[in-house]
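Observations on the model geometry
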Amino acid sequence: LGLVGSEMCIRDRSYIEQRKTISVNRTNQSTVIKEAINSLLDEGVTDKQDIYSKVVDKLGVPRPTVRRVARDLRNELLTKIKILQSETQQTTVPAL
């Protein structure tokens, strides 16, 4: 017994909506974790493990998730630093 197209759409609709929600929630979760990490850094917390523990305790997210988001944040910052360094080097080269 097979389903026709419209029946499959009805059957799969909740699954598709759930997948969209998971994707949005993961993006929001990453943003909230990044904000928490930046806040702790602004407060002067410098120990990486301490930052991880505080974010896990505050937000109730798994430690591996915090580590993944921290890695993503670090990579974003390193990319920005490289851009800024290259702009600085271009502007400090004397004209011949």
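Read on for a plain summary of the structure. All figures in this text were calculated on a predicted structure; none of them were measured in a lab. (Residues numbered from 1 in each chain as written. Predicted model: local features only at pLDDT ≥ 70, side-chain atom pairs only at ≥ 80, totals over all residues. Heavy atoms only, no water.)

1. Focus on the overall build of the chain
Worth spelling out the cut-off: Strands here mean DSSP runs of E at least two residues long; helices mean DSSP runs of H or I at least four residues long; both are numbered from the N terminus. Throughout this description, buried means an accessible area under 20% of the type-specific maximum (1.4 Å probe, protein chains only), exposed means over 50%, and partly exposed covers the range between. By definition in these notes, contact holds between two residues if any of their heavy atoms fall within 4.5 Å. Residue burial considers only the protein chains on display, and all accessible areas are found by Shrake-Rupley using a 1.4 Å probe.
Helices and strands together make up the secondary structure of the chain, namely 3 helices and 0 strands. Ordered by position in the sequence, the α and β elements of the chain form the string α-α-α. The burial tally for the chain puts 18% of its 96 residues in the buried class. Here the contacts in the chain between residues at least 6 apart in sequence split such that 46% fall between residues at least 24 apart. When the accessible surface of the chain is summed, it comes to about 7,700 Å², and 56% of that surface belongs to carbon and sulfur atoms.

2. Regarding the layout of surface pockets
Rules: With a 1 Å grid spanning the protein atoms alone, the term cavity applies to any set of points in which a 1.4 Å probe fits but cannot get out, the term pocket to an open set with protein on both sides within 12 Å along at least five of seven lines, and the term lining residue to any residue with an atom within 4 Å of a point. Grid points are joined across faces, edges and corners, and a volume is the space filled by probe spheres set on the points. Gly is put with the polar residues, along with every residue not named as nonpolar or charged; the nonpolar set is Ala, Val, Leu, Ile, Met, Phe, Trp, Tyr, Cys and Pro, and the charged set is Asp, Glu, Lys and Arg.
In this model, the largest pocket occupies a volume close to 210 Å³. Ranked by residue count, the leading element in the lining of the largest pocket is helix H3 (residues 63-92), at 6 residues. When the residues that make up the lining of the largest pocket are grouped by side-chain class, the tally is 7 nonpolar, 1 polar and 4 charged.

3. Considerations on a nonpolar patch on the surface
Short version of the rule: Without a salt bridge and with relative accessible area above 30%, a residue can belong to a patch; like charges are then joined within 9 Å and nonpolar side chains (Val, Leu, Ile, Met, Phe, Trp, Tyr) within 5 Å. Salt-bridge detection follows one rule: a side-chain nitrogen of Lys or Arg within 4 Å of a carboxyl oxygen of Asp or Glu.
Nonpolar side chains collect at one region of the surface, where Leu77, Leu78 and Ile81 lie side by side and expose about 250 Å² of accessible area between them. By secondary structure assignment, the location of Ile81 is in helix H3. Of the residues examined, Ile81 reaches a relative accessible area of 42% and is grouped as partly exposed.

4. Remarks on the nonpolar core
Keep this limit in mind: Residue types Ala, Val, Leu, Ile, Met, Phe, Trp, Tyr and Cys, when buried and joined through side-chain atoms within 4.5 Å, form a set referred to as a nonpolar core.
Among the nonpolar cores identified, the biggest contains 14 residues, and Ile33, Ile37, Leu40, Ile51, Val55 and Val66 are the most heavily contacted of them. Listing elements by their share of this core, those giving two or more residues are helix H1 (5-42), helix H2 (48-59) and H3. Each residue touching Val55, except ones within four places of it in the same chain, is listed here: Ile33, Ala36, Ile37, Leu40, Gly60 and Val66.

5. Considerations on H2
Put simply, the rule reads: Multiplying one less than the number of residues by 1.5 Å gives the expected span of a helix.
Helix length check: H2 (12 residues) gives 16 Å between terminal C-alpha atoms against 16 Å at 1.5 Å per residue, within 8%. Gly60 sits one or two residues past H2 and shows a positive phi near 70 degrees.

6. Digging into the pattern of salt bridges
Under the definition given, this model contains 3 salt bridges. Notably, a salt bridge pairs Glu76 with Lys34, separated by 2.6 Å at the nearest N-O pair. With a gap of 42 residues between them, Glu76 in helix H3 and Lys34 in helix H1 connect regions that are remote in the sequence. By relative accessible area, Glu76 is classed as partly exposed at 34%. Here the salt bridges share partners, and the residues they tie into one network are Arg68, Arg71 and Asp72.

7. Points about the side chain of Ser30
With respect to the helices, strands and loops of the structure, Ser30 is situated in helix H1. For Ser30, a relative accessible area of 14% gives the class buried.

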